[in-house]
Amino acid sequence: MTYSLNWNLDSIYPGGIESPELAAKLDLLVTQIADFATAVAAYEKDAPAYRGLVKLVNDAQVIDAGLRTAGLFVNALYAADFTNGVYRPYLSQIEQLFVDFQAPADVFAKKLVTFTDEEFEEALKVPELAVVAFTLRENRQAAERLLDDTTESLLNNLRLDGLKGWSAHYDTIAGSLTMPFTNEKGEVKEISAGQALNNLDGYPDARVRAELMAGYEKMWGGADKLTADTLNHLAGARLTEQAAHGYKDHLEQPLEINHMSRETLDTMWSVVDANKEMFKPYFERKAQLLGLDGIGWQDQVAPITSLGNYEPAKLTYDDAAKFIIENFGKYSPTMAAFAKSAFEKQWIEAEDRPGKQPGGWMESVPDVKESRIFLTFTGSVNDAATVAHELGHGFHTSVLQDLPQWRDQYAMNVAETASTFAEMLIADANVQAAKSDAEKVVLLDAKMTNPIAMFLNIHTRFEFEDAFYKERKQGYVPAERLNELMDAAQKDAFADILTVRHPHFWSSKLHFYIDDVPFYNFPYTFGYLFSTSIYAWAQTQDNFEEAYIALLRDTANMTTEELALKHLGADLTKPDFWQAAADLVKQDIDEFLTLSAQFV
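Residues numbered from 1 in each chain as written. Predicted model: local features only at pLDDT ≥ 70, side-chain atom pairs only at ≥ 80, totals over all residues. Heavy atoms only, no water.

J.: Outline the packing of helix α23 (residues 522-538) against helix α25 (residues 560-568), supporting the account with residue identities and numerical values.
T.: Geometrically, a packed helix pair is captured by the angle between its two axes and the distance between the axes. Running from amino to carboxyl end, α23 crosses α25 at an angle of 5°, the nearest separation of the two axes being 12 Å. In terms of axis orientation, α23 runs roughly parallel to α25. Listed contacts from α25 to Phe526, Phe530, Ile534 and Trp537 of α23 are Thr560, Leu563, Ala564, His567 and Leu568. (Axes fitted to C-alpha atoms, helices over the stretch in contact; angles between N-to-C directions. Helix = DSSP H or I, 4+ residues; strand = E, 2+ residues; numbered from the N terminus. Parallel < 35°, antiparallel > 145°, perpendicular 65-115°, else oblique. Contact = heavy atoms within 4.5 Å.)

The structure is reproduced here in C-alpha cells:
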C-alpha cells in the first residue's frame, strides 16, 4: 500500500497515553488556567489601548487550543481502542480541565458586560480584538444569561457527572454490546455494535441484511432500559440547565449555538417536507433492482451490488486516495494538496477491525496545526465519498490556521458545509466517470445516500428528538414510549416508505447522546443543502477556489444568514434557496429512474 490505514499520533505527543509530553501539557494547562483565573479576577477596563484585555483574549485562546489538542489526543486513542478502560481516567481529567477553565471564562464574559456599548465597540477597534470581534460579541451576549459565579461554578462541576457523565455512560453501554452475525456462507462470528452498524449500512446480501436488522434491533432492545435511563437523565440535565439560563424552549440554545434563526430552521424543514414525495419512485425502483418487495430500514442506503453484466469492484484505500486527490484538484489545487498531505502524513485512522468506535469524525489539533480523521474503510462504493467528507472538515480547518484560535470555532451547521461539499465532489465524479449505464445507475444510487440521510433520516432524528424533549419536560419517558415516538417519526419522515422500521434507533444512535451539542441533527441537513447550493454556485465561478476559501474563513465570523448573504447573495429565510438544492436531488432521481428502467 502507498498509504497507511492507521494514523500517526506521535507528532502530537509521542509515546501513547503515558507520553511524558502529554503529562507535561496537562500540568501546564493547570497552571495556565489558574493564572488566567487570577488575571481575569483582577482585570479592570484599561482604555484606550486595552492591552490587558488583549492579553486575556490571547491567553484564553492559548488555553483553548491546548485543551482541544490534549482532548483530541486522548479521544483518538480511545476511539481506536474503544473497549480499553485505560483511557477513561485521562478523559475525565481533561473534562475536569475544561470545567476548570469554564469558570474564569464565564467571569471574563461577565467583565465584557461591564463595558458600555460605546466602550465595547471602541475596544473592538483594537486590531487583536477586531479579528475575534464576533466571538467577543457572542460571549458578551451569552454572559447576560449567566447566574452568579458560585452557581455557575457548581453547574459546571455538576456537568461532569450530569451531561458528560451520562454521555460517557452511553459509550460504556455501546462499547460492551455484541451480537452474532451469520454471513451468506453460514459462517457465524460475534461482532461489535460498531461492526454491526457498518454491515447494516453496506452488506451486499439482502437476506443477511434483514437478519442483521432483526438482530441489531434485538441487541439494542436488550439494552433499552439502560439507554432509556441514559437518554432521560442526559436530557433532564440539559433542560434543567437551559431553564436556569433563561432559555424559553429546547430549540433556543441549539439555534443560538449554530448562529441561525428559527425562521431559517422552519423554512428549511418546510422545503424538506414538501419534497419527500420525490423519493417514493426512487425507492420503488431500488426495491425492484434489489429483488425486494419493499425497502426496510436496513435497505435505505444498501448498495446495488450487480446490474446487468456490471459488478462494482472492491475499492482499495490507495485507489480512493488517488481518486479524491485528483478530483479535489479539479476544483481547488489547495484542497488536493491538503488531502495528499493528510494521506502522506498519516492523519487518518481507517482500518476495518473490531474494537473501534462506531462512526467517523474529524478534529483539529490546534497546537501543531494539523487534523486527525477517524473512520472505518470497508472498500464499498461509498467509502471514497466518506473519506472525502472528513477531509472536507480537515480542509476547512486548514484554511483558518493563520487566524486566531477563536476563528476556528465555527458552528456545526457550517462545519457540515465543507465536508458535504467535498463528499459531493467525489460522488459526482464517480457518476461522471461511469463507463456504462449499469455502472452509472449503481453510482447514482450510491450518490443518493446523502440526500436520503439529510431529507429523511436526519428529519426522523429531529422529529423524534423534538417530540421527546417536549414529553421529557413533563417527566421520565420510558423505553416503550421512546419506541413509539421513534416509530412515528420514521413513518412521517420517510412518508410511510419503509416496510421495516427501527424503533430502537433512539437507543442505537450515538448522536442522541452527545453532551456538548444539543440537537445534533438539523445542522447536517443545513450543511448538506447549503453545500449543494455552493456546488451549483461553483459551476458558475471563474475563480471558485478563492471565493470558496473566503466563505470558509468567515464561518466563525458572522451568523449563517449573514454568511449566505455576503458570499452567496442568498436569503436563508426564503424557500427558494433551499428548493434549488432539492431540485438538484430531483435531477439525480430522474436520471436514476430513466437509466435504470432497462434493468427492471
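J.: Outline the environment of alanine 287, listing residues and values.
T.: With respect to the helices, strands and loops of the structure, alanine 287 is situated in helix α14 (residues 279-290). With relative accessibility at 5%, the residue alanine 287 sits in the buried group. Put simply, alanine 287 and threonine 2 are 285 residues apart on the chain and 38 Å apart in space, counted from C-alpha to C-alpha. If we ignore the near neighbours within four places in the chain, the residues touching alanine 287 are Leu292, Gly294 and Ile295. (Buried < 20%, exposed > 50% of the residue type's maximum accessible area, 1.4 Å probe, protein only.)

J.: Would you mind going over α23 in detail, with residue names and values included?
T.: A rise of 1.5 Å per residue sets the reference length of α23, with its 17 residues, at 24 Å; its end C-alpha atoms lie 24 Å apart and thus fit the reference within 8%. Within α23, 16 of the 17 residues are buried, leaving the element largely enclosed by the surrounding structure. (Expected span 1.5 Å × (residues − 1).)

J.: Which residues make up unusual backbone geometry, and what values do they have?
T.: Cis geometry is adopted by the peptide bond preceding proline 48, which originates at alanine 47 and carries an omega value of 5°. By secondary structure assignment, the location of proline 48 is in the loop between α1 (20-42) and α2 (51-80). Even without glycine at this site, histidine 259 takes up a positive phi of about 55°. Position of histidine 259 relative to the elements: it lies in the loop between α12 (252-257) and α13 (262-274). Phi is positive for lysine 369, close to 55°, though the residue is something other than glycine.

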